[in-house]
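Structural description and commentary
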Amino acid sequence: MLLTKTKTHPTAQQQNHNAPPINVLYIAGLGRSGSTVLNRVLGEIDGFFPAGEILHFFTRGINNNELCTCGEPVSDCEIWGKVISQLGDRIYRLVPLIDPFRDGRQIGKYIFNVCSVFIPWRPKWFAKKLRIYRYFVSHIYHSLQSLTDCRVIVDSSKNAAYAQILADIPNVRLHVIHLIRDSRGVAFSLTKKRRRPGIPWREEYMDQFKPFMGSLLWSAANLLAEKLKKKAVHYTRIRYHDFVVNPHEVLQKILYQMEIPFRPEDLSHLTEHTVQLKKRHIISGNPSRSQNGQIKLTEDVEWKTKLSKRNKIVVTALTFPFLYRYGFFSKSGQNESCAADSISPNGKRE
Ligand SMILES: [Zn+2]
């Protein structure tokens, strides 16, 4: 069935041949690392559209019609509803067939899909499926840009395989922010039972993992995020702690390194430790995506007292190479520059 459908869809290359470039500020890494907050803070900059996790738009938006942060179901949202209209009715039939990230709980299938995105010798049937998926993904970003007239789309999807697909869309300029939070904090957060927002009509919870699995996921996500250096126009690495301690400075550095022009007043929503947030159209993300008004930026350090000694040792041992690499053990580690590693368009490390 899929094979015949490929003939009806132009490739992303054909579709976007004359389209204007789209700047996507992509937050990569693992969940529970503060990506929703960073998405929202960046999204308050003039001309930036904080989209949330576009990766989940197919399933949570189109299929499940979950709530946008404007309070409307996605199909009735003034932005996302129009994006769906522009995709056409066929998208409802195609979503279950083409979305490679549809269900992370089918772990074998999910790993196969993620690996197939990264390796060049993927099966032909998967390559065709990916082409159709890329075509619709491309459509989403072009629709968002034309509907909101934004100059930058902020996407906190985090998934490195998805970013790899985005990078292959012509006219998409992918700027990657590799966001890292201490593995012990992430592993502890992943053990917590948290209700998934956006679906008040049914009880569903965010994915939970034991510290051992959380450690493996953390290492894998960061390893794959680093691979985006080769695909992105710009890549920069920041630690969540540095962002919370000095958000103004970190945001400035991100914008400088991504070569995105801004004026000092574009950061006026930030004070030393607070941010002023407006109601936006954000799909998917943790519960903080719905918070508005003045919000205090703080780091959740509950893990330091509540993660058992045994689990601290397990997580530290399993993630040690990356913790060391990212400066979590250095004496001045928590005060180092936010950009431990940045790559400019000419490939030079800065
Ligand atoms: Zn909305």
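Cut-offs and rules
Residues numbered from 1 in each chain as written. Predicted model: local features only at pLDDT ≥ 70, side-chain atom pairs only at ≥ 80, totals over all residues. Buried ≥ 20, exposed ≤ 12 C-beta atoms within 10 Å, placed from the backbone. Helix = DSSP H or I, 4+ residues; strand = E, 2+ residues; numbered from the N terminus. Pairing = 2+ DSSP bridges. pLDDT = per-residue confidence, 0-100. Contact = placed C-beta atoms within 7 Å. Core = buried A, V, L, I, M, F, W, Y, C linked by C-beta atoms within 7 Å.

As a further point, take the pairing of strand β3 (residues 152-158). Extensive coverage of β3 is indicated by the burial of seven of its seven residues. The two faces of β3 match: Val152, Val154, Ser156 and Lys158 on one face and Ile153, Asp155 and Ser157 on the other face are all buried. Of the strand pairs in this sheet, strand β2 (residues 48-52) and β3 are connected by four bridges, and their pairing is parallel. In the strand pairing of β3, Phe49 is matched with Ile153.

Unlike most non-glycine residues, Asn65 shows phi in positive territory, near 50°. By the secondary structure assignment, Asn65 is in the loop between α4 (57-63) and α5 (80-87). Classification of Asn65 as partly exposed rests on a count of 19 C-beta atoms within 10 Å. A positive phi angle, near 55°, is found at Asp149, a position not held by glycine. Along the chain, Asp149 turns up in the loop between α8 (124-148) and β3.

Further remarks concern the confidence of the model for the protein chain. In the predicted model, the protein chain carries a mean pLDDT of 88, and the fraction of residues at 70 or more is 88%. Residue range residues 1-8 is modelled with pLDDT below 50. Its contacts to residues more than four positions away, or to other chains, number eight contacts.

This part is about the nonpolar core. Grouped together as the largest cluster of nonpolar side chains are 85 residues, with contacts concentrated most on Tyr26, Ile153 and Leu166. Take this core: its biggest share by element is seven residues, from α8. Residue contacts for Tyr26: discarding those within four places in its chain leaves Asp155, Ala163, Leu166, Leu174, His175, Val176 and Ile177.

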